[in-house]
Amino acid sequence: MDLHWERTFSKLGPSLLEGIGVVVYVTILGFMGGLIVGLLLAIGRVSRHKVLNRILTLFIELIRGTPLLVQFFYIYYVVPMLIDALMGVFGVHTNVQISATVSGVIGFSINYGCYMSEVIRSAILSVNPGQREAGLALGYSERQVLFQFVIPPAIRNSIPVFGNYLVMMIKDTSLLAMISVQELLLRTKTFASQTFLTVEAYTVLALVYLVISVPLSRLSVVLEKKLKRKG
Amino acid sequence: MAMLEIKNLSKSFGDLQVLRDINLCVEKGQVVVIIGPSGSGKSTMLRCVNLLEKPSGGEILYQGEDIMHLGKSVKNYRKRVGMVFQRFNLFGLHTVLENVMLAPVQLNKADKTQARERALDLLDKVGLKAKADVYPHTLSGGQQQRVAIARALAMDPEMLLFDEPTSALDPELVGDVLEVMKKLAGEGMTMLVVTHEMGFAREVADRVIFMDEGYVVEDGAPEVIFTNPKNERTRAFLSRVLHK
């Protein structure tokens, strides 16, 4: 078997660098979106509002029970049509389109947000009740206590898990190839089909993912130990 | 008018009745110590006083005012009545100084510089000024509890509740905390204290209350309770704890 590493590096390399830009962009926005969605869902789920609780639980179930890839397709293809149809009812003709990248960011925000909300929720529930009581006894309201003394330690205790999610999200960006986001997999696939350097192309692709994810997971382990020490 | 007056207070958790027909009074400037075996309802009673537990029945009057139906203004009442917990419950993500000055700044809109000065004074009072900038987890239990006392004092409470403040401490650390409490008592602070420290009760209390199985069994001056208790159960309890 003849392997052409040099040609692969010189042709695929620059393209993949651009692809990394896309991956970083989508991951950063998607991750921040996920944190916000996760926090909001978690707060809603620990509130004593029964109806809200039921609705959010159902929503989280719905998202966790369907594959991320299907959600990307849904946001990219179906949601614009639904919006058009809905606006059509009011006699407004729209032709909404959601770009593939934006679909990716939205999909990640919602999907990861649901998983993160469970992490944050259980972290909130496992904060020592004494923290809440101490706040109440000083004269803080329940809401102030939640935001001031319960959520911050809960978030802090969730950081190691978030680290894992970040690494998972980076790898999951490869799903976006299916809705034509020019990320790493799609670029590699195009290159491989044009040059037939299949072995080289996909090996390089795998290595690129490894080079990004391994240091990040190491970092999250270090962070976890550091946080534990501070108690 | 009494500072705090509790009438026919009862509390149940489901079928379990923990407080039955509690009646007691705390006058301004008094130190009232509650003693009794574990599970006698002492802590629950104390937690009812600042409504961390919702009483099932009866009345609690604070300076003549009913506090059981305050709704949202319960937080204004709690600002006036400080509480010190068995497990300190300091805010772990905040420094010692922040623990003490946070509530005055955030809830009473106190000036930050003044609140800081005051917090340092209070830390000085409990002997921990040098620890102002460290985080609570680096302190011993006794030190943490003294910070917790300073934190409660920072809101200028009219009355302080102590829920077994020394029960979670190593024996050699108990003394420092009791010293601070004695100092407060000497300054005329109104205090309601649940404790197992009989020495403290005997020396500092104006009145001692003995509780058992959810009842107030005996209520009187410490010298009477400790030397000549009227009730058989008080006598049995004291002989158990004093002759150990």
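Residues numbered from 1 in each chain as written. Chains lettered and ligands numbered in written order. Predicted model: local features only at pLDDT ≥ 70, side-chain atom pairs only at ≥ 80, totals over all residues. Heavy atoms only, no water.

## Digging into the interface of chain A and chain B
Taken together, the contact pairs 19 residues of chain A with 22 residues of chain B. Roughly 1800 Å² is buried in total at the junction of chain A and chain B, and carbon and sulfur atoms are behind 60% of that figure. Of all residues in chain A, the largest losses of buried area upon contact with chain B belong to E133(A), A137(A) and L138(A), amounting jointly to 32% of the total for that side. The tally of links between chain A and chain B comes to 1 salt bridge. Joining chain A to chain B, the criterion identifies 6 residue pairs in polar contact (both at pLDDT 80 or more). Of all elements in the fold, only helix 5 (129-138) and helix 6 (142-172) of chain A reach the threshold of two or more residues within the side of chain A that touches chain B. Considering every element that reaches the side of chain A that touches chain B, the biggest residue donor is helix 5 of chain A, with 8 residues. Among the residues making up the side of chain A that touches chain B, the classes are represented as 8 nonpolar, 8 polar and 3 charged. (Contact = heavy atoms within 4.5 Å. Buried area = accessible area lost by both parts, 1.4 Å probe. Salt bridge = Lys/Arg side-chain N within 4 Å of Asp/Glu carboxyl O. Polar contact = N/O pair within 3.5 Å; in protein donor to acceptor, adjacent residues only side chain to side chain. Helix = DSSP H or I, 4+ residues; strand = E, 2+ residues; numbered from the N terminus. Nonpolar A, V, L, I, M, F, W, Y, C, P; charged D, E, K, R; others polar.)

## Quick look at the packing of helix 2 (residues 50-64) of chain A against helix 4 (residues 100-125) of chain A
Residues and elements named next belong to chain A. Contact geometry for helix 2 and helix 4: axes closest at 9 Å, N-to-C directions at 120 degrees. For the element pair helix 2 / helix 4, the angle class is oblique. Helix 2 and helix 4 meet at a crossing whose hand is left-handed. Each of F59, I60, I63 and R64 in helix 2 lies in contact with helix 4, whose residues at this interface are I110, N111, C114, Y115, S117 and E118. (Axes fitted to C-alpha atoms, helices over the stretch in contact; angles between N-to-C directions. Parallel < 35°, antiparallel > 145°, perpendicular 65-115°, else oblique. Left-handed = near helix turned anticlockwise from the far one by under 90°.)

## A look at the pairing of strand 3 (residues 31-35) of chain B
All names here are of chain B. Counting buried positions over the 5 residues of strand 3 gives 5, a clear majority of the element. Side chains of strand 3 alternate between two faces, with V31, V33 and I35 and V32 and I34 buried alike. Pairing geometry for strand 3 and strand 8 (residues 190-194), over 4 bridges, is parallel. The residue of strand 8 that forms the bridge with V33 is V193. Here 4 bridges tie strand 3 to strand 9 (residues 207-212), and the two strands are oriented parallel to one another. Within strand 9, the residue paired with I35 across the bridge is F210. (Buried < 20%, exposed > 50% of the residue type's maximum accessible area, 1.4 Å probe, protein only. Pairing = 2+ DSSP bridges.)

## Re the sheet that holds strand 5 (residues 65-66) of chain B
Residues and elements named next belong to chain B. With antiparallel pairing, the 4 strands of this open sheet are ordered in space as 2-1-4-5. Because the sheet does not close on itself, it has two edges, and the strands there are strand 2 (16-26) and strand 5. Across 2 bridges, strand 4 (residues 57-62) lies against strand 5 in antiparallel orientation. Paired with L61 across the strands is D66, a residue of strand 5. Where helix 1 (residues 42-49) meets the sheet, its contacts fall on strand 1 (4-13), strand 2 and strand 4, and the angle it forms with strand 1 comes to roughly 120 degrees.

## Thoughts on the nonpolar core
All names here are of chain B. L4, I6, M45, V49 and L192 are the most contacted members of the largest nonpolar core, which has 70 residues in total. Setting aside residues no more than four positions away along its own chain, I6 makes contact with I22, N23, L24, M45, V49, E59 and I60. By size, the runner-up hydrophobic cluster in this structure holds 52 residues, among which are V33, I149, A152 and A154. (Core = buried A, V, L, I, M, F, W, Y, C linked by side-chain atoms within 4.5 Å.)

## Some details on the pairing of strand 10 (residues 215-220) of chain B
The pairing of strand 9 of chain B with strand 10 of chain B spans 5 bridges and is classified as antiparallel. By the bridge assignment, M211(B) is partnered in strand 10 of chain B with V216(B).

## What to know about the sheet that holds strand 3 of chain B
In any sheet, the strands associate via hydrogen bonds between backbone groups, in a parallel or an antiparallel arrangement. Residue and element names in this part refer to chain B. Spatial ordering of the open sheet is given by 6-7-8-3-9-10, a layout of 6 strands whose pairing is mixed. If you trace the sheet from one side to the other, it starts and ends with strand 6 (81-84) and strand 10, each paired once. For this sheet the average axis-to-axis angle between neighbouring strands, irrespective of direction, equals 15 degrees. Contacts from helix 1 reach strand 3, strand 6, strand 7 (159-163), strand 8 and strand 9, with the element oriented near 150 degrees to strand 7.

## Some remarks on the pattern of salt bridges
Under the definition given, this model contains 16 salt bridges over all chains. E133(A) serves as the salt-bridge partner of R47(B), at 2.7 Å between the closest nitrogen and oxygen. Highlighted residues: R47(B) in helix 1 and E133(A) in helix 5, drawn from two different chains. Overall, R47(B) belongs to the buried group, its relative accessible area being 14%.

## Topic: the packing of aromatic side chains
Applying the stated criterion across every chain yields a total of 10 aromatic pairs over all chains. Considering the side-chain rings of Y112(A) and Y165(A), the 6.0 Å spacing of their centres and the 90 degrees angle between planes classify their relative orientation as edge-to-face. One end of the pair, Y112(A), is in helix 4; the other, Y165(A), is in helix 6, and 53 residues separate them in sequence. Relative accessible area serves as the criterion here: at 13%, Y165(A) is assigned to the buried category. Relative to F91(B), the ring of F149(A) has its centre 3.7 Å away and its plane inclined at 5 degrees; by these criteria the two rings are stacked. (Phe/Tyr/Trp six-rings, centres within 6.5 Å; stacked < 30°, edge-to-face > 60°.)

## A closer look at the packing of helix 1 (residues 5-46) of chain A against helix 4 of chain A
Two measures define how a pair of helices packs: the angle their axes make with one another and the distance between the axes. Residues and elements named next belong to chain A. With their axes 5 Å apart at the nearest point, helix 1 and helix 4 run at an angle of 40 degrees to one another. One way to sum up the angle between helix 1 and helix 4 is to call them oblique. The two elements helix 1 and helix 4 meet at a crossing, and its hand is right-handed.

## Some words on the confidence of the model for chain B
Taken residue by residue, chain B gives an average pLDDT of 94. The fraction at 70 or more is 100%. For this predicted complex, the interface confidence reaches an ipTM of 0.94, while the overall pTM sits at 0.87. (pLDDT = per-residue confidence, 0-100.)

## Let's talk about the side chain of E218(B)
Residue and element names in this part refer to chain B. One can find E218 in strand 10. Buried charge without a partner: E218 forms no salt bridge, and the closest opposite charge is K230, 4.4 Å away. In terms of polar contacts, E218 uses its side chain to reach the backbone amide nitrogen of K230, at 2.7 Å. A polar side-chain atom of E218 sits 3.0 Å from the main-chain amide nitrogen of N231. E218 has contacts with V208, I209, F210, I225, P229, K230, N231 and T234, leaving out every residue within four places of it along the chain. (Lys, Arg positive; Asp, Glu negative; His and termini not counted.)

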